[in-house]
Structure formats: C-alpha cells, structure tokens
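# Coordinates in review
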Amino acid sequence: MITRKRLATGACALLAALSVALLPSSAAADEPVAKESPKVELVLDVSGSMRAKDIDGKSRMSAAKQAFNEVLDAVPEEVQLGIRTLGADYPGQDRQRGCKDTRQLYPVGPLDRTEAKTAVATLAPTGWTPIGPALLGAAKDLEGGDATRRIVLITDGEDTCAPLDPCQVAREIAAKGIHLVIDTLGLVPDAKTRQQLTCIAEATGGTYTSVHRTEDLSRRVRQLVDRAADPVVTPVATEGAVRCADAPQLKPGLYTDREAFGQHRWYRVDLLPGQELRASVSVSADRAVNNDYGVLLRAVTLHGREIVRGSEAGDGRTDVISTGLRYPKPELDDEPGDAKPAAETVCLQVSNSFSAPPSVKTTPGMPIELTVDVVDGPSGASDVASFGLGRGWWLLAALVVAGFLAGLLWGWLSRWRFAVWRTH
C-alpha cells in the first residue's frame, strides 16, 4: 500500500515537473512575433548618359556616388538595404544584351557600409537604360516576409528597352498586392522622363522628385530610406473649401487634396489652450509648369486676423515645394472652476502661385499633401498672433531700444560739440 502511494506520489511529481518544463515554451509561443526589419533597395542608373556634367559642375555619376556615400553613412540600423544597377556592364550595341544589363550590386540585408561604398566606387557609366527589367529584378530581391519594402529608382533618362514599359511593370507589381512602394528620382529630367517616372511612382503609391543638385539627391534618398523605417501612414482624402466657414474640420493626421493653379483652399483645426499646432503642406507639380512659383500656408482666426504663416518659393528646379508653420496657444491664466476651456478654431489657408503654358491642362488640380499635428505646447508659450509679427516683436523691441539709446548718444555728442565750438 505504502509502495503504491509512493509510486503515485512520484508519478504526480514527474507530471508536475514536465508541466513546468513545458510552460516557458507555451508562453514563448504566445508572445508576439518580432516585427521584421524594413527592406529598401536602391536602383541606380549607370547608363552612358550618366557621364553628362550638369550637376554642380560634375558628372551625374559623380553626384550619384557622392550622394550614395552620404546616404550609406546615415542608414538606420534597423533597415536592411541593397543596391541594384542598370546599364552598368554591357557597353555594346546589341539591344537584346543591353536590355538584360541589370544586376544586384549589394544584397539586401544588414548593411556593411565599407563594402557597399567600395562596390559603388567601382561603377562607371556604361550602357543602356533597362528600367523595366531592373524593377522586376528589384521586386524579386525584396521577396519574402511581411517587412515594409521600398524601391528607390535613380535615373537620368527614360527606359530604352520598350516594349517592356516600366510603367506597366510598376502596375503589375502593385497588382500583386505585396505592398511594394517605388519612389523615383529624375536627374535633370526632360518632359518624357518626368512623365514616365511620375507614372511609375503613382502606380505603387510612391513619390517622384526632380533633382538638379547633389545636395537635393542626398537629402531626398535619406528621407525615403528613413520613411521605410517609419510606420506606414495612409493619407486621408479631403476637400478644402473656398472659405473658412465651409472648411472641413481636420484632426491630427495626413491628408490629400487637389488645388487648381492660383487657388486658395481652407481647412479648420481646433486648438485648446496649452497646445501647439504644427502644420505643413507640399504641392506637387505633376505636369509642366512655368518657372517661378510659390506656396503659402497661413493660420488665421475666425475673424480673419493672421496668426502666423509659412511660405516657400521655387524656380523650376524641383517638382515638389513645401512649407510649414507652428502656433503655440498659451495656457489660460484663470480657469473658472472645473469648466473645460473652450477650443479655438484655427483656419488654415493653402495657396499657390503656379502657372502653366497654354498647352498644358489645368484640370484636375495639382496634388497637395497636408500634415496636421497637435502636441503639448512649450512652457510659457506666448500668443504668436501678435499682429502678424509673431516672435518678431522681440526684434522690433530691441531695434526700438537700440534706436532710442543711439538717439540719446547722438544728441549728447552734438550738444558737447556745439559747446566746444562756442568756447573756441
């Protein structure tokens, strides 16, 4: 009997030990799976036309190499990055061979900056411009997993390997539903190149940017690589009004709209005391436009008094122009009881001064992207609505004081000189 009890006790103990040993595995299975690192592949055009010396007095290839070195130094640790080339190897005239000239220069994965820079340094402008095959190859390089995936295409000309239309390739990639975004950058592009690269980007929800300077190329590629590491934000379509009273009420987020040439669009945002409004707008010239244009973003009260503004001008060297503003609303000094403070309605006005040649259609309007954010304001925030001068009041006050002191000093010197003159 005793032996049976001991056997039963031993069996129970063994089962308990096995259960405890299995528990960690069970818990580990229930834990959320770590998010996969985002993947980015830079696709660089190394065709013969990259020899042209029209970017900051140096060749397009040299500008691209310099930009790549700066970008590789700034790639976030969590991003898996690869590099693919097109037109880098075959210098001949055989179209069939030239249109297959694309290869992966650096595999997508954890970045070895020295190795990647060395690989880029060996490139020299060589052959054709097979953009379509390069996009297909890049899409294959990024296959597998659920990571955020992005292709950044940098080229100076349109595809030379038709009938494999790169725009149609981009549409087919988008139709697979793999959430692969293609951003395009045109180096000193002509109208046909701009049109083709815009079509590629729009097919996958990406962006197109025209580049004329090395600094702009480096900055834009860094932005796109950083964007891959950020959570994907889907813009919300909205429609601005012709006056503030009819404008849509916006909450913090990213919005898209279209604005005709020279048009004003109004939006409204509620702001509580102690909060700060941060807003920015980008207008994309998705068609040929005249040089010299600008964008204006104003924050205005319901009564029409300007609070603060941001503006930016362009001269045809870029296809996207942006500006932004900040408005901190101060805390109330005396809050009656437990009454909730009333929100102030701020009217946001977006205006542009684009114009187009007579042959260009002005409808539909140009795409705009509006970002609205409301955060806790800085301590001791002041009303920057001060008659439109904002923080400029400090400078104005300093100039007044300086002028007053200078006047006193000049008057004293004048009286002293007059007194000396009379004495002599």
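Here the structure is shown first, and the text comes after it.
The structure contained in this document is the topic of the report that follows. (Residues numbered from 1 in each chain as written. Predicted model: local features only at pLDDT ≥ 70, side-chain atom pairs only at ≥ 80, totals over all residues. Heavy atoms only, no water.)

## Some remarks on the packing of aromatic side chains
Counted by the stated rule, this structure contains one aromatic pair. With 4.4 Å between their ring centres and 15 degrees between their planes, Tyr293 and Phe354 make a pair best called stacked. On the criterion of sequence distance, the pair formed by Tyr293 in strand 11 (residues 293–300) and Phe354 in the loop between strand 14 (344–352) and strand 15 (366–376) is long-range, its members being 61 residues apart. Of the two residues, Tyr293 and Phe354, neither departs from the other in class, the shared state being buried. (Phe/Tyr/Trp six-rings, centres within 6.5 Å; stacked < 30°, edge-to-face > 60°. Helix = DSSP H or I, 4+ residues; strand = E, 2+ residues; numbered from the N terminus. Buried < 20%, exposed > 50% of the residue type's maximum accessible area, 1.4 Å probe, protein only.)

## Some details on the state of the cysteines
Within the structure shown, the criterion is met by three disulfides. Here Cys167 pairs with Cys199 through a disulfide, and the sulfurs are 1.6 Å apart. Linking Cys167 in helix 6 (residues 166–175) with Cys199 in helix 7 (residues 191–203), this pair joins segments that are 32 residues apart in sequence. What makes Cys167 buried here is its relative accessible area of 5%. Between the sulfur of Cys244 and that of Cys347 lies a disulfide, 1.9 Å long from S to S. Linking Cys244 and Cys347, the disulfide has an S-S dihedral of approximately -70 degrees and is accordingly described as left-handed. Here Cys244 is found in the loop between strand 7 (236–237) and strand 8 (253–259), whereas its partner Cys347 is found in strand 14, with 103 residues between them in sequence. (Disulfide = S-S within 2.5 Å.)

## Considerations on the packing of helix 6 against helix 7
Two elements in contact, helix 6 and helix 7, have axes separated by 8 Å at closest approach and are oriented at 5 degrees. Classed by the angle they form, the pair helix 6 and helix 7 counts as roughly parallel. Of helix 7, the residues touching helix 6 (which contributes Pro166, Cys167, Ala170, Arg171 and Ala174) are Gln196, Cys199, Ile200 and Ala203. Residue composition of the contact of helix 6 with helix 7, by class: seven nonpolar, one polar and one charged. (Axes fitted to C-alpha atoms, helices over the stretch in contact; angles between N-to-C directions. Parallel < 35°, antiparallel > 145°, perpendicular 65-115°, else oblique. Contact = heavy atoms within 4.5 Å. Nonpolar A, V, L, I, M, F, W, Y, C, P; charged D, E, K, R; others polar.)

## Here we look at the sheet that holds strand 9 (residues 264–271)
A sheet is described by the order of its strands in space; here four strands give the open sequence 9-14-11-12, paired in antiparallel fashion. Strands at the two margins of the open sheet, each flanked by one partner only, are strand 9 and strand 12 (306–314). The average undirected angle you get between the axes of adjacent strands in this sheet is 15 degrees. Two strands pair when backbone bridges link them, and strand 11 and strand 12 are joined in this way by eight bridges, in the antiparallel orientation. Paired with Ala299 across the two strands is Val308, which belongs to strand 12. (Pairing = 2+ DSSP bridges.)

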